[in-house]
Every structure is written in structure tokens, then in C-alpha cells.
Amino acid sequence: MDWTEKYRPTTLSEVRGNNKARDKLEEWAETWDGHRDAVIVHGSPGVGKTSAAHALAGDMGWPVMELNASDSRGADVIERIAGEASKSGTLTGGEAGRRLVILDEADNFHGNADYGGSAEVTRVVKDANQPIVLVANEFYDMSQSLRNSCETIEFRDVSKRSIVPVLRDICRREDVEFEEEALEKIAEDTSGDLRSAVNDLQAVAEEAERLTVEDVVTGQRDTTEGIFDFLDALIKEEDAEGALRASYDVDENPDEMLNWIEDNVPKDYAGGELADAYEFLANADRWLGRVRATQDYSYWRYATDNMTAGVAASRREPKGGWTRYGPPSYWSKLGRTKGTRNTRDAIAERIAEREGTSVATARREILPFLSAMTHHCKNRDLTVRMAAVYELDEKEVSFVTGSGKDTNKVESIVEEAEELRTEETVEHSGSAFFDAGDGAENANDGDEPDATDSSGDDGQETLAAAGSTDDATTAESEPDTDDAEPDDDQSGLSDFM
Ligand SMILES: Nc1ncnc2c1ncn2[C@@H]1O[C@H](COP(=O)(O)OP(=O)(O)OP(=O)(O)O)[C@@H](O)[C@H]1O
């Protein structure tokens, strides 16, 4: 049996590491009759949000009605459940007929037409006659009106200090002998995600007599080694069928596997075969979307077929040699830890404010684009302008570009961006980031900024040009050309890409 299920907290007092949030949730429930607001519980995956909601229901004696965004029953069901006036009931505890509605994946309702759009969800939530807990990973993916009409409780990543005792407790109950450091290592590696920590513990404990740090480390190595062998088989060695078979040995779910393939296949494929491979990856992604929407996991096999057999069959030239495959970069980094998520959101908020988009759009559609264009700060000038316009600090530049935060390169970029800002060369509205090219050079030359040449068209051209170059995706070896002088005599942004 899955330990995360077996040891799911049944009462709020067993929910660890988020005492404040837990108390707030309890208070919300106890005072619900007075305020009748719904509550949004948000935070990273695996920190106990859903468990807390269920535990709360248990403590209050409220039966649970659970729905999620991919549920096809839609808003009318919530309406029926939550809108129903309290009927007579012989339930113990709580009010008669009271029940707790748990809306999981509340940040994802826009993906399901059955709910009739977020306005409809907001209306139902507002008018509900029953307490509703909305559970979400991404607070800002919910509409503002929905956010404003609910109370909000944030669940933080669970600290290592709180994770270790949970693991220790499970070990004792499972009769597993352990080294304290092994538990600490697991807690450290799962950075705040208690579910992953419990999963990792189970995986290692099933293999070892006595849990040691060594076991934990080897366990991790085994899974990553598996994926590297698989990438070799897929990209270089096997035919369609062989690639599919090789994937059976990989201990990653299809979503993760897609990330790995997507990031590594351009290191060996090029031109038409790369385009074909991406076509298959796009197909795989669609199937994964269908799985998310329907919870029908039998579609996983179509996703896997596409990303393995499809990608292998796209190969037109034999591949050889050794390639430095690496873990998926930008996309996988997104949202993995609290720290990176905070950084990401801080940047997205500034982009949103400046460009007049929502934070979610900035994060999903603008940030990845900026990231591709300024990959490893190769286009230094563009990176400086980006840092200037969005007022990025070292950590943020490092997040967007993927370059180390303490490198001279990043430090000097931030310095230069500051100079640029003081000279107010980027103080124009609109697409200043894309237009400020001459401004940047002027800044280096110590000239006055030339405000007259910011025409919106440049931005367009630049973006088109950026799209047509494939350097950003084929960057296999990364010679750091950071000592290139900033006053290189480049004229158009496309030259930098
Ligand atoms: N704070 C916690 N205290 C005790 N156990 C926890 C806690 N957080 C997570 N767990 C363990 O992880 C499992 C999954 O937690 P849960 O599903 O509640 O997380 P979640 O935050 O709702 O994640 P998701 O957003 O992915 O649904 C639980 O069954 C439990 O075993």
C-alpha cells in the first residue's frame, strides 16, 4: 500500500508543518455560520492542502463532497450540492445537513468548459449554502473575482524540521531501522514537498534492510541513470519499437519523461528530423492534456508511444558519440521549489504591470519567451535591457537566463541595467524592452538617449527574427562568452540571438 495514503492525516492535529494555516482553517470552519465565505487553500503540491481539508471535515463531523476541475459534472453539481438549503439530516456533529465541499484543482477550472467559465464558478461559490474549500497550487491562476470573494489561506512548503519527524514516525510504525541522517537527506532533497518525502522514503525502505544515507543517494542515482540510458536508446540507438521498450525501464511519469525528451532531443536532432520529433512531442502533450482533463490514465500509452516510437522514428541520420544530456531546464524548474516560484512570480508581476497583462499570462506566455531569448545571457545586450525594464536583480536575471547568479556576467549585467535605468533611457511605455536597442548603445557610449527612435515595429521584427533562429535550442556546449565587450557594434536585436 502507498504510504502517503496509509499515513494521510485523519485529523487536523496530524497535519504537520503548517500550524498557522491549520489553525486559520479550523477557525474559518468554526465561524462559518457567521461569515459564510468560501476559503481558498493554496500552496505547492504535496504540502497537505487536500489532506487538511479532509481532516477538517473529519474534525467537524461534516461529510465531504469532493469535486475537481477535470470533473465533467460541472458547476451545476456544485450548485446543487452547495446551493441546496440545509435539509434535515441526522448527522453527528456540525449542523444538520451541513457538508464540506472540496473543490480540488481550483486553479484549473478554465480548462473545463463544463463549469461554464470562471464567472459561473465565482457566482456559485459566492452564493453557496455550504462551506467550500477551494484547493489550488497557483493562487494567481484563479480569476481575481474568485480570489476576492474568498478567504485565503496559504500552505507553505513543509520545512525539513517538520518533515523528519513525519518520516521517523512512519519508520517506527513500519518497523524500518534507519540512520537519522538518511531521513534528513530525504527531507532535504524533497525541499518542502512532504508527499515526495514519504514516497522517497517508501521507495528506499523497500530496497534496504536498514536505511542509510548511502541508500538514499544510490536510490537517486539509479533513477537518473535510468533516464540517461533511455535517452541514449531513444535518440541514438533504437528503432521505434526498441525505444518504446526502453521506456518501460524508466522510473518517471510520462509528464516528466516528456520534459526530459523535449529538452535533450535538440542536442542530437536537427532540421527536418527535429521538426518531426517535435510534432510527435506535441501529440504526446495533447494526450497528456486529455489525461489531465478526463483522469483516464489509459491515454498515457498514446502519449508514451508518441514520445518514444515517434521520436525514434523521426531520426533520419545515424547518431553517435557522446552527448551531455541534462535534466529539463526551464520548464521543470518552474514551480519546483518555493524559492524559485517566488522569484518567478515576482518577475511575472513586474512584467504584468508593465505590459498590461495578467500575472498568469506574463508567467506562462512572456517569461518563457524572455528566457529563450536571453538564454545564458548570450545575447548580452538584450539581457541588459530586459533587466533594466523589469528591474531584475541578480537572482532574477539568473532565473530567467539560467546563468549562475554569482557570476561576473550576471553581476555586470545587473550593474549595467542599473546605469541604463538611471539614464532613463527605458522610461517609455509599451514595448520599451524591445525598442531600447539604441538607447542601450547610447548608454554605453555615454550619449544622450534618443527617444525618437522607439517605434513599435522594431519589436515585431525582433520577435520574428528571434523565432527563426534555432541557436537557443541547440545550445549543447556552452562556451561562456561573457567577456565579450558590451560595446560591440551590433545594430539589430536579431544579430544578438
Ligand atoms: N502537512 C502534512 N502533514 C502530514 N502529512 C502530509 C502533509 N502534507 C502531505 N502529507 C502527506 O502527503 C500526502 C499528500 O498530501 P496532500 O494530497 O494533502 O497534499 P496537497 O498539498 O493537497 O498536494 P496536491 O496539491 O498535489 O494535491 C498525504 O497523504 C500525506 O501522506
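The structure we're discussing is the one just above.
Values in this document were obtained by computation on a predicted structure and should not be read as measured data. (Residues numbered from 1 in each chain as written. Predicted model: local features only at pLDDT ≥ 70, side-chain atom pairs only at ≥ 80, totals over all residues. Heavy atoms only, no water.)

S.K.: Give a detailed account of the environment of Glu394, specifying residues and quantitative values.
M.R.: Relative to the helices and strands, Glu394 is located in helix α20 (residues 394–401). Note: C-alpha distance between Glu394 and Gly404 (10 residues apart in sequence) is 8.9 Å. In this structure Glu394 touches Lys405, Val410, Glu411 and Val414, once residues within four positions along its chain are discounted. (Helix = DSSP H or I, 4+ residues; strand = E, 2+ residues; numbered from the N terminus. Contact = heavy atoms within 4.5 Å.)

S.K.: Give a detailed account of the packing of aromatic side chains, specifying residues and quantitative values.
M.R.: Tallying each qualifying case throughout the model produces five aromatic pairs. Taking 5.6 Å as the distance between ring centres and 85° as the angle between the ring planes, the aromatic pair formed by Phe228 and Trp260 counts as edge-to-face. Of this pair, Phe228 sits in helix α11 (residues 213–237) while Trp260 sits in helix α13 (residues 254–264), placing them 32 residues apart in sequence. For Phe228, a relative accessible area of 28% gives the class partly exposed. With 5.0 Å between their ring centres and 80° between their planes, Tyr297 and Trp300 make a pair best called edge-to-face. Here Trp300 falls in the partly exposed class, since its relative accessible area comes to 30%. (Phe/Tyr/Trp six-rings, centres within 6.5 Å; stacked < 30°, edge-to-face > 60°. Buried < 20%, exposed > 50% of the residue type's maximum accessible area, 1.4 Å probe, protein only.)

S.K.: How would you sum up the nonpolar core? Please name residues and give values.
M.R.: Grouped together as the largest cluster of nonpolar side chains are 46 residues, with contacts concentrated most on Leu25, Trp28, Leu201 and Leu211. Those elements that provide at least two residues to this core are α2 (19–30), β1 (38–42), α4 (49–60), β3 (100–104), β4 (132–136), α8 (160–174), α9 (180–189) and α10 (194–207). Two domains share this core, each providing at least three of its residues, namely domain 1 (3–154) and domain 2 (160–211). Among the nonpolar cores identified, the runner-up in size contains 26 residues, and Cys377, Phe399, Val410 and Val414 belong to it. (Core = buried A, V, L, I, M, F, W, Y, C linked by side-chain atoms within 4.5 Å. Domains from an automatic or database assignment.)

S.K.: An account of the environment of Gly404 is needed here, citing residue identities and associated values.
M.R.: Secondary-structure assignment places Gly404 in the loop between α20 and α21 (408–422). Non-local contacts of Gly404, meaning those with residues more than four positions away in its chain, are made with Ser398 and Val410.

S.K.: Describe the site of the ligand, with residues and values.
M.R.: Residues in close proximity to the ligand total 18 residues, the closest being Thr4, Arg16, Thr50, Ser51 and Arg195. A distance of 2.6 Å separates an oxygen atom of the ligand from a polar side-chain atom of Thr50. Asn137 is positioned with one of its side-chain polar atoms (N or O) 3.3 Å from an oxygen atom of the ligand. In isolation the ligand has 620 Å² of accessible area, and contact with the protein removes 92% of it. For the shell around the ligand, the secondary-structure elements that each account for two or more residues are α4 and α10. Looking at which element gives the most residues to the shell around the ligand, the answer is α4, with three residues. (Near = heavy atom within 4 Å. Polar contact = N/O pair within 3.5 Å; in protein donor to acceptor, adjacent residues only side chain to side chain. Areas by Shrake-Rupley, 256 points an atom, 1.4 Å probe, with all protein chains shown as cover.)

S.K.: Outline the side chain of Thr304, supporting the account with residue identities and numerical values.
M.R.: Mapped onto the fold, Thr304 is located in helix α15 (residues 300–314). We classify Thr304 as buried; its relative accessible area is 13%.

S.K.: Tell me about the pairing of β4, and name the residues and values.
M.R.: Across the five residues of β4, five count as buried, placing the element largely inside the fold. Going residue by residue along β4, you find Ile132, Leu134 and Ala136 tucked away on one face and Val133 and Val135 tucked away on the opposite face as well. As defined by bridge partners, β1 adjoins β4 across four bridges and the pair is classed as parallel. For Ile40, the partnering residue across the bridge sits in β4 and is Leu134. Across three bridges, the pairing between β3 and β4 is parallel. Bridged to Ile102 within β4 is Val133. (Pairing = 2+ DSSP bridges.)

S.K.: Kindly report on the sheet that holds β3, identifying the contributing residues and their values.
M.R.: The sheet built from five strands is open, its strands ordered β2-β3-β4-β1-β5 with parallel pairing. Among the strands making up the open sheet, the edge pair consists of β2 (64–68) and β5 (150–154). Each strand axis lies, on average, 20° off the axis of its neighbour in the sheet, ignoring direction. Pairing between β1 and β5: five bridges, direction parallel. Note that in β5 the partner of Val39 across the bridge is Glu151. Its contacts with the sheet place α2 against β1, β3, β4 and β5, and it is angled at close to 155° to β5. (Axes fitted to C-alpha atoms, helices over the stretch in contact; angles between N-to-C directions.)

S.K.: Go over a negative patch on the surface with me, naming the residues and quoting the values.
M.R.: Together, Asp229, Glu237, Glu238, Asp239 and Asp249 give the surface a local cluster of negative charge. Tracing the chain through its elements places Glu237 in helix α11. (Patch = residues over 30% accessible without salt bridge, like charges linked within 9 Å, V, L, I, M, F, W, Y side chains within 5 Å. Salt bridge = Lys/Arg side-chain N within 4 Å of Asp/Glu carboxyl O. Lys, Arg positive; Asp, Glu negative; His and termini not counted. Charge placed at Lys NZ, Arg CZ, Asp CG, Glu CD.)

S.K.: Just give me the short version of the pattern of salt bridges, but keep the residues and values in it.
M.R.: One pass over the full model with this rule turns up 26 salt bridges. Across the salt bridge formed by Glu5 and Arg8, the nearest N and O atoms sit 3.3 Å from each other. Of the residues examined, Arg8 reaches a relative accessible area of 31% and is grouped as partly exposed. Each of Glu138, Asp141, Arg344, Asp345, Arg363 and Arg364 takes part in one network of salt bridges that share partners.

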